[in-house]
Amino acid sequence: MAITYKDSGVNIHEGYKSVNLIKQYAKSTYNKCVINDLGSFAGMYALTKQYKNPVLVSGTDGVGTKIAVACKYKKYDTVGIDCVAMCANDVLCHGARPLFFLDYIACGKLSAKVAADLVKGVSAGCKQAQMSLIGGETAEMPGFYQPGDYDLAGFCVGVVERTKIINGKHIKPGDELIGISASGLHSNGFSLIRKVFKDMNTKFTNQAIWKTLLTPTRIYVSAILELMKHVEIKGMAHITGGGFIENVPRMFCTHGLQATIIKDSYPLPPIYKLINQRGVDINHMYNTFNMGIGFVICVKATDTQKAIKLLKAAGEQAYKIGYITKGVKSICLK
């Protein structure tokens, strides 16, 4: 008897089924700039004529081990939002408008329904980020991943006028930092989280804590693009893995500047107090988690209150959380 691909653990017909289920979610994100259909060898996206000297800005990331929580509790339709957020928020940091996204799903044994749920989340995230899902890949890899295991990553491309790139070169002492609230832990530090919360059915705020942990990452694209029309933003930082300690200094273009973060300038979400009670050192937490702030922007001191007001009008919770000085340390928390 001839050996087939299915005998090796790969079901190409389930793959065809997943593509048919996924198409509806991808097409729902299309705009007039998408010039090919799903199923082509590559995605195609036409730049509009509004840009005089456009610069493409790209970012790639994954969901990390947060997806292990999603797989364990069979809740697949939100981690796609996390995947988009990790990429779109990064691209946004340089003033770029996200244009299009491609996803990559890997698994041990493909379920078309699970793949479709994952892409359903990706589609929802793309809509929040105002971009199109124009392609992707689903890889069934038996023997490498175990049945029931899934991984999710993505790639985003945005565009910005060269003269409007935000790279921190205008940041100077006296500027102030605004923190925009996170929706939860977002998608970082989950290897530690899974060690801290071994029983994720533990009740937290009247529900199993795994439900809280799977709250999707907030996407800041709409609010920030609108804010940039009214306020000069000098620098931006997406607070992901490495927390404040690693990410805030990334907005600087030159040495000799120090960002001071005032830890009690905003309310610390209860989940972090619980993590601390479970044995994680608070200083380590500021180097691992977002600590309730998902995005930080730097503006002139005279623009701080205006920016906070505009962010709140856009549906965001925003706080003055720090300031810029000269200093040998890139960041100081106090």
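For the structure, check the block above.
Below or above, wherever it landed, is the structure these notes cover.

Rules used throughout
- Residues numbered from 1 in each chain as written.
- Predicted model: local features only at pLDDT ≥ 70, side-chain atom pairs only at ≥ 80, totals over all residues.
- Heavy atoms only, no water.
- Helix = DSSP H or I, 4+ residues; strand = E, 2+ residues; numbered from the N terminus.
- Rg over C-alpha atoms; globule rule 2.2 N^0.38 Å.
- Buried < 20%, exposed > 50% of the residue type's maximum accessible area, 1.4 Å probe, protein only.
- Pairing = 2+ DSSP bridges.
- Axes fitted to C-alpha atoms, helices over the stretch in contact; angles between N-to-C directions.
- Phe/Tyr/Trp six-rings, centres within 6.5 Å; stacked < 30°, edge-to-face > 60°.
- Expected span 1.5 Å × (residues − 1).
- Bend = angle between axes of the 7 residues up to and from the residue.
- Contact = heavy atoms within 4.5 Å.
- Polar contact = N/O pair within 3.5 Å; in protein donor to acceptor, adjacent residues only side chain to side chain.
- Parallel < 35°, antiparallel > 145°, perpendicular 65-115°, else oblique.
- Left-handed = near helix turned anticlockwise from the far one by under 90°.
- Nonpolar A, V, L, I, M, F, W, Y, C, P; charged D, E, K, R; others polar.
- Core = buried A, V, L, I, M, F, W, Y, C linked by side-chain atoms within 4.5 Å.

Re the overall build of the chain
(1) Moving on: Each helix and strand counted, the chain has 11 helices and 12 strands in total.
(2) Moving on: Taken against the 2.2 N^0.38 rule, which gives 20 Å for 334 residues, the C-alpha radius of gyration of the chain at 21 Å falls within 12% of a compact globule.
(3) Moving on: In terms of principal-axis extent, the alpha carbons of the chain reach across some 75 × 55 × 35 Å.
(4) Moving on: Put simply, the chain has 334 residues, and 52% of those count as buried.

Things to note about the pairing of strand β9 (residues 257-261)
Remember that side chains alternate between the two faces of the sheet whenever the strand is regular.
(1) Moving on: Within β9, five of the five residues are buried, leaving the element largely enclosed by the surrounding structure.
(2) Moving on: Alternating residues of β9 divide into Leu-257, Ala-259 and Ile-261 and Gln-258 and Thr-260, and every residue in both groups is buried.
(3) Moving on: Taken together, the five bridges between β9 and strand β11 (residues 318-326) define a ladder with antiparallel strand orientation. Note that in β11 the partner of Thr-260 across the bridge is Tyr-323.
(4) Moving on: Bridge analysis of β9 against strand β12 (residues 331-333) gives three bridges, and the strand direction is parallel. Note on β12: the bridge partner recorded for Ala-259 is Ile-331.

A few points about the sheet that holds β11
Hydrogen bonds between backbone atoms are what pair the strands of a sheet, whose relative direction is either parallel or antiparallel.
(1) Moving on: Read across the open sheet, the six strands follow the order β8-β10-β5-β11-β9-β12; overall the sheet is mixed. Edge positions in the sheet fall to β8 (235-238) and β12, since each of these pairs with one other strand and no more. Each strand axis lies, on average, 25° off the axis of its neighbour in the sheet, ignoring direction.
(2) Moving on: Bridge count for β8 against strand β10 (residues 293-299) is four bridges, and the pairing is antiparallel.

Here we look at the packing of aromatic side chains
(1) Moving on: In total, this model carries eight aromatic pairs according to the counting rule given.
(2) Moving on: Between Tyr-76 and Tyr-150 the ring centres are 6.1 Å apart and the planes differ by 65°, which places this aromatic pair in the edge-to-face class. Placement of Tyr-76 in the loop between α2 (66-72) and α3 (79-92) and of Tyr-150 in strand β4 (residues 150-161) is noted, with a sequence separation of 74 residues between them.
(3) Moving on: Among the residues examined, Tyr-76 registers a relative accessible area of 10% and is labelled buried.
(4) Moving on: Residue classification places Tyr-150 among the buried residues on the basis of a relative accessible area of 7%.

With respect to helix α1 (residues 12-27)
(1) Moving on: Counted at 1.5 Å a residue, the expected span for α1 with its 16 residues is 22 Å, and the 23 Å between its end C-alpha atoms agrees.
(2) Moving on: Most pronounced at Leu-21, the bend in α1 amounts to some 30°.
(3) Moving on: Regarding α1, the residues found buried are Glu-14, Gly-15, Ser-18, Ile-22, Tyr-25 and Ala-26.
(4) Moving on: Buried residues belonging to α1 abut α4 (112-128) and β3 (132-140).
(5) Moving on: Sitting at the amino-terminal end of α1 is Asn-11, which places a side-chain oxygen 3.1 Å from the backbone nitrogen of His-13.

A word on the sheet that holds strand β2 (residues 97-107)
(1) Moving on: An order of β1-β4-β2-β3 is seen for the four strands of this open sheet, with the pairing classed as mixed. Only two strands of the sheet have a single neighbouring strand rather than two, namely β1 (54-62) and β3. For this sheet the average axis-to-axis angle between neighbouring strands, irrespective of direction, equals 15°.
(2) Moving on: In this sheet, β4 lies alongside β1 in antiparallel orientation, the contact comprising nine bridges. If you follow Leu-56 over to β4, its bridge partner there is Val-159.

A closer look at the packing of α1 against α4
(1) Moving on: In contact at an axis separation of 8 Å, α1 and α4 are set at 25° when each is read in the N-to-C sense. Here α1 is positioned roughly parallel relative to α4, judged by the angle of their axes. Our pair here, α1 against α4, has a crossing hand that is right-handed. Between α1, through Glu-14, Lys-17, Ser-18, Leu-21, Ile-22 and Tyr-25, and α4, the contact on the second element is made entirely by Ala-112, Lys-113, Ala-115, Ala-116, Val-119, Lys-120 and Ser-123.
(2) Moving on: Class assignment of the residues belonging to the contact of α1 with α4 gives a composition of seven nonpolar, two polar and four charged.

Digging into the environment of Phe-190
(1) Moving on: Note that Phe-190 resides in helix α5 (residues 190-196).
(2) Moving on: Phe-190 sits 125 residues away from Thr-65 along the chain, and the two C-alpha atoms are 5.7 Å apart.
(3) Moving on: Those residues within four positions of Phe-190 in sequence are excluded, and the remaining contacts are Thr-65, Lys-66, Val-69, Leu-185 and Leu-213.

As for the nonpolar core
(1) Moving on: Residues Phe-101, Ile-224, Phe-244, Ile-275, Val-296 and Ile-297 are the most contacted members of the largest nonpolar core, which totals 102 residues.
(2) Moving on: Counting residues per element, this core draws most heavily on α3, which supplies nine residues.
(3) Moving on: Ranked by size, the runner-up nonpolar core spans nine residues in total, among them Val-34, Tyr-45, Val-157 and Val-159.

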